[in-house]
Amino acid sequence: MSQEYNNLINSEEFKKWKSKNKDSYLSSCLIMQDQENKGSWNFGYYMPKKNKITTFIMDNEIIIINEDQKIFEQSHKKLKEIKIKDVSFDLDNVNKFILKEFKDKKFIKTIIVLQYIKTLLWNITLLGLDFNLINVKLDSKTGKLIDKSVTSMLQFKAS
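Residues numbered from 1 in each chain as written. Predicted model: local features only at pLDDT ≥ 70, side-chain atom pairs only at ≥ 80, totals over all residues. Heavy atoms only, no water.

Enquirer: Break down unusual backbone geometry for me, citing the residues and quoting the values.
Expert: Positive phi, close to 55°, is recorded for Asn-51, a residue that is not glycine. With respect to the helices and strands, Asn-51 occurs in the loop between strand 2 (41-47) and strand 3 (52-59). Residue Asn-51 is classed as partly exposed on the basis of its relative accessible area of 30%. Positive phi values are uncommon outside glycine, yet Phe-131 reaches one of about 65°. (Helix = DSSP H or I, 4+ residues; strand = E, 2+ residues; numbered from the N terminus. Buried < 20%, exposed > 50% of the residue type's maximum accessible area, 1.4 Å probe, protein only.)

Here it is in structure tokens:
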């Protein structure tokens, strides 16, 4: 993640965008992985004056910019800033945790988000071949398990 983030902030596209959005800051980092793909990092920059996010998708050497997206929020609090240097428990450690914790499970899709929910954490969603949806939250500094839940996707069937 650090390398991709450095590639982003040092790119001409980002510098040009940032010069027009000086008050913006990093508020989320997301990667979706599946059995075939390692995924591309999505870096979300929150713009407090607009209350919107611009997402930068790092697809190899290409940067895809999705500007001024509405945010999903449950309250009217502004999103907190993420500082990459504050993350000690990195993506490699997250993936090792998943492999160890769920060694007997196979997953169709893994969604990993670095975000603030009371504290800076990894919010991990795993869609299993058994149609179970597992959500795990890990502290981004220590890797300590904060929360874990399992939900059957079959309960969401159309009525």
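From this point on, the discussion continues.
Enquirer: How would you sum up the sheet that holds strand 6 (residues 119-128)? Please name residues and give values.
Expert: Here we have eight strands laid out as an open sheet, ordered 4-3-2-1-5-6-7-8, and antiparallel in their pairing. Strands at the two margins of the open sheet, each flanked by one partner only, are strand 4 (62-70) and strand 8 (145-152). Put simply, the sheet's adjacent strands are angled 15° from each other on average, direction ignored. Across the sheet, helix 3 (residues 91-101) lies against strand 1 (25-34), strand 2, strand 5 (107-117), strand 6, strand 7 (132-139) and strand 8, angled at about 130° from strand 5, the strand it touches most. (Pairing = 2+ DSSP bridges. Axes fitted to C-alpha atoms, helices over the stretch in contact; angles between N-to-C directions. Contact = heavy atoms within 4.5 Å.)

Enquirer: Please provide a residue-by-residue account of a nonpolar patch on the surface, values included.
Expert: Residues Phe-131, Met-153 and Leu-154 make up a contiguous nonpolar surface patch of roughly 290 Å² in combined accessible area. With respect to the element layout, Met-153 can be found in the segment after strand 8. On the basis of relative accessibility, which here comes to 30%, the residue Met-153 falls in the partly exposed class. (Patch = residues over 30% accessible without salt bridge, like charges linked within 9 Å, V, L, I, M, F, W, Y side chains within 5 Å. Areas by Shrake-Rupley, 256 points an atom, 1.4 Å probe, with all protein chains shown as cover. Salt bridge = Lys/Arg side-chain N within 4 Å of Asp/Glu carboxyl O.)

Enquirer: Before we move on, can you summarise the packing of aromatic side chains with the specific residues and values?
Expert: With the rule as written, the count across this model stands at 11 aromatic pairs. The interplanar angle of 70° and the centroid separation of 5.9 Å between the aromatic rings of Trp-17 and Tyr-45 together place this pair among those described as edge-to-face. Here Trp-17 is found in helix 2 (residues 12-20), whereas its partner Tyr-45 is found in strand 2, with 28 residues between them in sequence. Feature note: the residues Tyr-5, Trp-41, Phe-43 and Trp-122 constitute an aromatic cluster, connected by ring pairs. (Phe/Tyr/Trp six-rings, centres within 6.5 Å; stacked < 30°, edge-to-face > 60°.)

Enquirer: Go over the side chain of Lys-137, please, and point to the residues and values.
Expert: Tracing the backbone through its elements, the reader meets Lys-137 in strand 7. Buried within the structure, Lys-137 lacks any salt-bridge partner; its nearest side chain of opposite charge belongs to Asp-147, at an N-O separation of 4.3 Å. A polar atom in the side chain of Lys-137 sits 2.7 Å from the side chain of Asn-135. (Lys, Arg positive; Asp, Glu negative; His and termini not counted. Polar contact = N/O pair within 3.5 Å; in protein donor to acceptor, adjacent residues only side chain to side chain.)

Taken by themselves, the reported measurements are silent on function.
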